[in-house]
Amino acid sequence: MWRAVPGVSEGARGALVHTKQRHWQNGTVDVEALSVAEVERSVALCPLLKPFLDKNDKTPLTDGHIEVYDKAPLSNANRAGRVPVQVKGRTGKRIDTPQKHWNVPRVDLNGYLQESGVLYFFVRVNSGTGECVTYYANLAPFTITKLLASAPETSPTIPVPLTALPSNSHAIDSIVRLALRTRDQNPQAGIDPVLLEAAESFTFYSLREPNFGQRTRIDLDSGNVSLVLHTKGGMAVPLPGVLEIIPDDYSKQRVEADFAAGDTVYTESYRQRIDDQTVRISIGPGISLTLTESADNRSMKAHLEPEGSLADRIRACKFMLALNSGGTITVGGKETALGIVADDKLSREVGEVLSQLQMLSELFDALGVDGNLASIGDIDDQQMSQLEVLHRAIVKDEEVQAAMPGPGFVRQAVGPAQLVLFALAGESENHWRIIDLFSSDFRRQFWARSESGDGPEYPVTPYDCIEEEHVTSALNLRLDGLVGAYQTLLDWPRSTFANATQFVLKLLTASDTNAARADEFLAAAEGLNDWLLESDQQAPHHLVNRWQILHRRDLLTAEDRLEIRKLKHKMAGDRTHPLSEMLEIACAILLGESDEVEYLSSHIKRDDLERMRTWPIWSLYNG
């Protein structure tokens, strides 16, 4: 709800109180008496205001007050309140020059603040003719606080902005009533967020009607306006600060029409007014139109911004190229000429960008990379050149020349992320075949042996060859084929289950490290761990891993917590399991028993504790 105090009319707003009264004292103008009389005369024009001002300038701090009434007769029953008044007068030979400020002593401002504000009048008196021009300032509590903060504490005076007092009685009445209204302001209270949550309505008081159809910033500490918050409980609280009026037209609004250029169509677009003459239409990620319209001109300009996913950027480039070459746009099925001339330079530049983006798209598709995960804007020129080489190797199956010591892993940076690949010797010297390490075509291609070198070799998956720190940033892991990669090695169950368990832990660490991909890593860890639970006879460490996945998703149920307690009790009573002590601690972590974790940790071998601190379960411990 909005309510405005009646505004000052245009005619009255510019008029000054300008009179020719004379008060003589010993042959000179009695400035104080004349100034007070001038203010009294102006206020007396208002039928519901009654001034009580001291002409002798003997009253401490103020010169009196104005009684305000809601209606006639002017009785106590109809009294609305009282506004303290201070009048200052100065003589001069010229009074037509506008008085924009007047320096008020800091000590006086502090006194006015204690009085909950004052209506300050400044009267300029022509020393020769006695003519007067009156100015005013509503020194409300918020206004005084702002003025005091605007000047160094060592400044004895502070300039106060002044406004010419209108001659219209209705306008003067509105000024005094606003001064009365702002006396409720309490600068020390600030803005309590609880009040904002309990707000039921707002009332806005102003000397002029605000334009709610135009974006406007209003200084609530100026003394010329007041914004009052009304709570559901009946409280009325004046608010300080800045009020920004944002009409609906200035907020994003859905455009119920498709935008098309060439073969590229956008079905979800938004319009937003920027200023009185400008509207911006966000057609889609990275592509927008600016419409500018004035009395004698109308124009439209297209904008291409490097933002959004890889697919978004490709679409935006195609749209821009079609727009530039065709000069038309189709909106809601209706083709409209833009009146633009094709720009060959623009087409060439956008075409080059599009070519690079399409190259990346083909490379990512070949490697099973989700383009949404790649930070395209962070790919520098060197990386782009290297990715073009990889495109030839992966997409076109060409051998590429490079100085490498021998076959091995290739890690190609893609912004802050990377592609993890493998290089095999080519037919020509210093030429290499680059293979997609995680493709299903290369399963059972990797074999390992224990670090001691004893025992037979056994098969491993490519996932077992990637270090933990690289899992977080690798884009081409093809995690949808994760379980299948381990399933092919079930004829070596012991090593396969152990390696799969280690990769579950790597995925959990990656989910803690890379929040943007946490859901992806947790889903892959859950799928692989569920397979382990089915294939490895419900081993207790797989149960703990299942629970810590749920814990990271805030999905642990009361039933899960009961099962965790059962396993903790079982491990405490059965030390035959090689991991029983560490599993007991893991269960205590999952249950949030910090004191128990601290106690149990002090009773296991130091090496086991240090080992456990490297596990992802430890990141859930708050001790």
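Residues numbered from 1 in each chain as written. Predicted model: local features only at pLDDT ≥ 70, side-chain atom pairs only at ≥ 80, totals over all residues. Heavy atoms only, no water.

1. Here's the deal with the nonpolar core
Across soluble globular proteins, nonpolar side chains show a tendency to be buried alongside one another.
Working step 1: Judged by nonpolar contacts, the single largest core of 47 residues is most densely connected at I283, F319, L360, L419 and I434.
Working step 2: Aside from chain neighbours lying at most four places away, what touches I283 is F259, Y266, E268, S269, S288, L289, F319 and I329.
Working step 3: The next biggest cluster of nonpolar side chains, apart from the first, holds 32 residues, and it includes V471, A474, L479 and L532. (Core = buried A, V, L, I, M, F, W, Y, C linked by side-chain atoms within 4.5 Å. Buried < 20%, exposed > 50% of the residue type's maximum accessible area, 1.4 Å probe, protein only. Contact = heavy atoms within 4.5 Å.)

2. Considerations on the environment of P105
Working step 1: With respect to the secondary-structure elements, P105 resides in strand β7 (residues 101–105).
Working step 2: Setting aside its immediate chain neighbours within four residues, P105 contacts P156 and T157. (Helix = DSSP H or I, 4+ residues; strand = E, 2+ residues; numbered from the N terminus.)

3. Observations regarding the side chain of Q185
Working step 1: Its location among the elements puts Q185 in the loop between α5 (169–181) and α6 (193–197).
Working step 2: The class for Q185 is buried, based on a relative accessible area of 6%.
Working step 3: Within the structure, the side chain of Q185 is placed 2.9 Å from the backbone nitrogen of F142, a separation counted as a polar contact.
Working step 4: Not counting residues within four places of it along the chain, the set of residues in contact with Q185 comprises A140, P141, F142, S226 and P238. (Polar contact = N/O pair within 3.5 Å; in protein donor to acceptor, adjacent residues only side chain to side chain.)

4. Quick word on the packing of helix α8 (residues 344–367) against helix α9 (residues 381–394)
Between two packed helices, what matters for the description is the angle formed by their axes and the separation of those axes.
Working step 1: Between α8 and α9, whose axes approach to 10 Å, the crossing angle comes to 50°. One way to sum up the angle between α8 and α9 is to call them oblique. As for how α8 packs across α9, the hand of that crossing is left-handed. On the side of α8, the interface is formed by Q356, M359, L360, E362, L363, A366 and L367, while α9 contributes M384, L387, E388, L390, H391 and I394.
Working step 2: Within the contact of α8 with α9, the residues separate by chemical class into 9 nonpolar, 2 polar and 2 charged. (Axes fitted to C-alpha atoms, helices over the stretch in contact; angles between N-to-C directions. Parallel < 35°, antiparallel > 145°, perpendicular 65-115°, else oblique. Left-handed = near helix turned anticlockwise from the far one by under 90°. Nonpolar A, V, L, I, M, F, W, Y, C, P; charged D, E, K, R; others polar.)

5. What about the packing of aromatic side chains?
Working step 1: One pass over the structure, following the stated rule, counts 10 aromatic pairs.
Working step 2: On the basis of an interplanar angle of 35° and a centroid distance of 4.5 Å, the ring pair of W102 and F122 is categorised as tilted. Placement of W102 in strand β7 and of F122 in strand β8 (residues 118–126) is noted, with a sequence separation of 20 residues between them.
Working step 3: Judged by its relative accessible area of 21%, W102 falls in the partly exposed class. (Phe/Tyr/Trp six-rings, centres within 6.5 Å; stacked < 30°, edge-to-face > 60°.)

6. Observations regarding the packing of helix α12 (residues 493–513) against helix α13 (residues 518–535)
Working step 1: Following both chains from N to C, one finds α12 and α13 inclined at 155°, their axes separated by 8 Å at the closest point. Between α12 and α13, the interaxial angle falls into the category roughly antiparallel. α12 and α13 meet at a crossing whose hand is left-handed. The residues of α13 that touch α12, namely those facing T496, F497, A500, T501, F503, V504, L507, L508, A510 and S511, are A518, F521, L522, A524, A525, L528, N529, W531, L532 and S535.
Working step 2: A breakdown of the residues in the contact of α12 with α13 according to their chemical character gives 15 nonpolar, 5 polar and no charged.

7. Topic: the environment of C132
Working step 1: Of note, C132 is situated in strand β9 (residues 132–139).
Working step 2: With 469 residues separating them along the chain, C132 and S601 place their C-alpha atoms 87 Å apart.

8. A word on the side chain of S35
Working step 1: For S35, the location among the structural elements is in helix α2 (residues 31–44).
Working step 2: The buried category is assigned to S35, whose relative accessible area is 0%.
Working step 3: When sequence neighbours within four positions are dropped, the list of residues in contact with S35 reads V87, K88, G89, V123 and V125.

9. Let's talk about the confidence of the model for the protein
Working step 1: Confidence in the prediction for the protein averages 89 pLDDT; 94% of positions are at 70 or higher.
Working step 2: Counting interchain partners and residues more than four positions distant, the pLDDT-below-50 stretch residues 1–27 has 79 contacts. (pLDDT = per-residue confidence, 0-100.)

10. Quick notes on the sheet that holds strand β21 (residues 278–284)
Working step 1: If you walk across this open sheet you meet the 5 strands as β17-β20-β21-β22-β23, and the pairing is antiparallel. The open sheet has two free edges, formed respectively by β17 (253–255) and β23 (298–304), since each of these has just one partner strand. For this sheet, the mean inter-axis angle between neighbouring strands, taken without regard to orientation, is 25°.
Working step 2: Here strand β20 (residues 269–273) runs beside β21; their pairing, made up of 4 bridges, is antiparallel. Considered in β21, the bridge of R271 is made with I281. (Pairing = 2+ DSSP bridges.)

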